[in-house]
Amino acid sequence: MSRILKQASALAVAATLVTTLFSASGSGAAAQEISPAAIQSPIPIPVPVTVATPVVQPLPSTAASGDSDTDTAAPVRGASSLAALVDAQASPADLSRELNCLAGAIYFESRSEPLAGQLAVGRVIVARSKSGRFPNSYCGVVFQRSQFSFVRGGGMPAIAKASRQWKNAAAIARIAHEGTWKSPAEGALFFHAAYVSPGWHLTRVARVENHVFYR
């Protein structure tokens, strides 16, 4: 009987020890005894990074300016009329010898004409110099024998260079030379006063005030 009691007592003590051990492993104190190295950090989740790419807007291309037609009627330097373009020209003192010849012909042939009529005369001389049928310079065209009645002995009469008429003729010479205003008789190579009738067998281009133009 005593042996059975001893065995029962031993089993009761063992059961008590086991219960105590299991209770201690679940306590907060027991958790503090766990080495920090045994705690595994959570696996970091990669966060997608968005890199902002700058949007480059192409600059509008600049349209290339085409070459302007020198025979167009479009004004230059903002001139709205032939008169305004005449006023914008430089001093007659700056004329070259060739432009002096051209201006002299305009002066003697058409100084009493409106500016459009003077330009038409000037452009005839310019056209002749480029045609291959006449001398290839303005002075050559003007002083060609038997072409202009104002020429005497291979030269021009004196010009009143302080006059407004000369200043206009000099300005028109520049405009005719540069082609910065279209002549109303563009392409003409010949002209005569309207009060005469030479009976030329030529193609009539236009009448501008008191002159008739042909090619």
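Being a predicted model, the structure only gives us computed values, none of them experimental.

## A few points about the overall build of the chain
Moving on, step 1. The helix and strand tally for the chain stands at seven helices and three strands.
Moving on, step 2. Counted from the first residue to the last, the chain has its helices and strands arranged as α-α-α-α-α-α-α-β-β-β.
Moving on, step 3. Among the 215 residues that make up the chain, the fraction classed as buried is 31%.

## Comments concerning the pattern of salt bridges
Once the charged atoms of two side chains with opposite charge are near each other, the side chains can pair.
Moving on, step 1. Scanning the entire structure with this criterion turns up three salt bridges.
Moving on, step 2. Measuring nitrogen to oxygen at the nearest pair gives 3.0 Å for the salt bridge that ties arginine 164 to aspartate 87. Residue arginine 164 is found in helix H7 (residues 164-178), and its partner aspartate 87 is found in helix H3 (residues 82-87); the two are separated by 77 residues along the sequence.
Moving on, step 3. Measuring nitrogen to oxygen at the nearest pair gives 3.8 Å for the salt bridge that ties glutamate 98 to arginine 97.
Moving on, step 4. In this structure arginine 97 comes out as exposed when scored by relative accessible area, which is 60%.

## Side note on the confidence of the model for the chain
Moving on, step 1. Per-residue confidence for the chain gives a mean pLDDT of 75, with 64% of residues at or over 70.
Moving on, step 2. Of all helices and strands in the chain, the one with the weakest mean pLDDT is helix H2 (residues 28-32) (33), whereas helix H5 (residues 115-131) scores best (98).
Moving on, step 3. Across residues 1-5, where pLDDT falls below 50, the model places zero contacts with residues more than four positions away in sequence or in other chains.
Moving on, step 4. Across residues 11-77, confidence stays below pLDDT 50; counting only partners more than four residues off in sequence or on other chains, it has 24 contacts.

## Things to note about the environment of serine 131
Moving on, step 1. Mapped onto the secondary structure, serine 131 falls in helix H5.
Moving on, step 2. Serine 131 gets classed as partly exposed once you look at its relative accessible area, which sits at 29%.
Moving on, step 3. Linking serine 131 and leucine 189, residues 58 residues apart in sequence, is a C-alpha distance of 8.7 Å.
Moving on, step 4. For serine 131, the side chain forms a polar contact with the main-chain nitrogen of arginine 133, separated by 3.1 Å.

## Focus on the state of the cysteines
Moving on, step 1. Applying the stated rule across the entire model yields one disulfide.
Moving on, step 2. The disulfide that involves cysteine 101 links it to cysteine 139, with 2.0 Å between the sulfurs. Note on the cysteine 101 and cysteine 139 pair: the S-S dihedral is about 90°, so by sign convention the disulfide is right-handed. One end of the pair, cysteine 101, is in helix H4 (residues 97-110); the other, cysteine 139, is in helix H6 (residues 138-142), and 38 residues separate them in sequence.
Moving on, step 3. Among the residues examined, cysteine 101 registers a relative accessible area of 6% and is labelled buried.
Moving on, step 4. The class of cysteine 139 is buried, set by a relative accessible area of 4%.

## A short note on the layout of surface pockets
Moving on, step 1. Roughly 340 Å³ of volume is contained in the largest pocket.
Moving on, step 2. Along the wall of the largest pocket there are 15 residues; nearest its centre are Glu109, Gln147, Phe148, Phe191 and His192.
Moving on, step 3. Elements with a minimum of two residues in the lining of the largest pocket: H4 and strand S1 (190-193).
Moving on, step 4. In terms of residue count, S1 provides more of the lining of the largest pocket than any other element does, four residues in total.
Moving on, step 5. Looking at the lining of the largest pocket residue by residue, the classes come out as eight nonpolar, five polar and two charged.

## Remarks on the packing of H5 against H7
Moving on, step 1. Put simply, H5 and H7 touch, their axes get as near as 9 Å, and they point 50° apart. Between H5 and H7, the angle is such that the two are oblique. In terms of crossing hand, the pair formed by H5 and H7 is right-handed. Of the residues in H7, those in contact with Leu115, Gln118, Leu119, Gly122, Arg123 and Val126 of H5 are Asn168, Ala169, Ile172, Ile175, Ala176 and His177.
Moving on, step 2. Taken together, the residues that form the contact of H5 with H7 break down as seven nonpolar, four polar and one charged.

Rules behind the numbers
- For every chain, the first residue of its written sequence is number 1, and the numbers climb from 1 along that sequence.
- Only residues with pLDDT of at least 70 get local features here, since the model is predicted, and only at 80 or more are side-chain atom pairs given and counted; chain-wide, interface and lining totals rely on the full set of residues.
- With hydrogens and water excluded, all non-hydrogen atoms of the structure serve as input to the side-chain values.
- Secondary structure counts use DSSP, requiring at least four H or I residues in a row for a helix and at least two E residues in a row for a strand, with both numbered from the N terminus.
- A simple rule labels every residue: compare its accessible area, found with a 1.4 Å probe on the protein chains alone, to the largest value its type can have, and call it buried under 20%, exposed over 50%, or partly exposed in between.
- Salt bridges are defined by distance alone: a side-chain nitrogen of Lys or Arg within 4 Å of a carboxyl oxygen of Asp or Glu.
- pLDDT measures the predictor's confidence residue by residue and takes values from 0 up to 100.
- It only takes one pair of heavy atoms within 4.5 Å for two residues to be counted as in contact.
- Between N or O atoms, a polar contact is any pair within 3.5 Å; within protein, one atom must be a potential hydrogen donor and the other a potential acceptor, and residues adjacent in sequence are included only when both atoms are from side chains.
- Two cysteine sulfurs form what is called a disulfide whenever their separation falls within 2.5 Å.
- Lining residues are those with an atom within 4 Å of a point, where the points come from a 1 Å grid over the protein atoms alone and group into cavities, where a 1.4 Å probe fits but cannot get out, or pockets, open sets with protein on both sides within 12 Å along at least five of seven lines.
- Grid points are joined across faces, edges and corners, and a volume is the space filled by probe spheres set on the points.
- All residues other than Ala, Val, Leu, Ile, Met, Phe, Trp, Tyr, Cys, Pro, Asp, Glu, Lys and Arg, Gly among them, are scored as polar; the first ten of these are nonpolar and the last four charged.
- Angles shown run from 0 to 180 degrees and are taken between the N-to-C directions of axes, each axis being a line fitted to C-alpha atoms and, for helices, limited to the stretch in contact.
- What sets the label is the angle itself: under 35 degrees gives roughly parallel, over 145 gives roughly antiparallel, 65 to 115 gives roughly perpendicular, and the rest give oblique.
- By the definition used in this description, the sense in which the near helix is turned from the far one sets the handedness, with an anticlockwise turn below a right angle giving left-handed and a clockwise turn giving right-handed.

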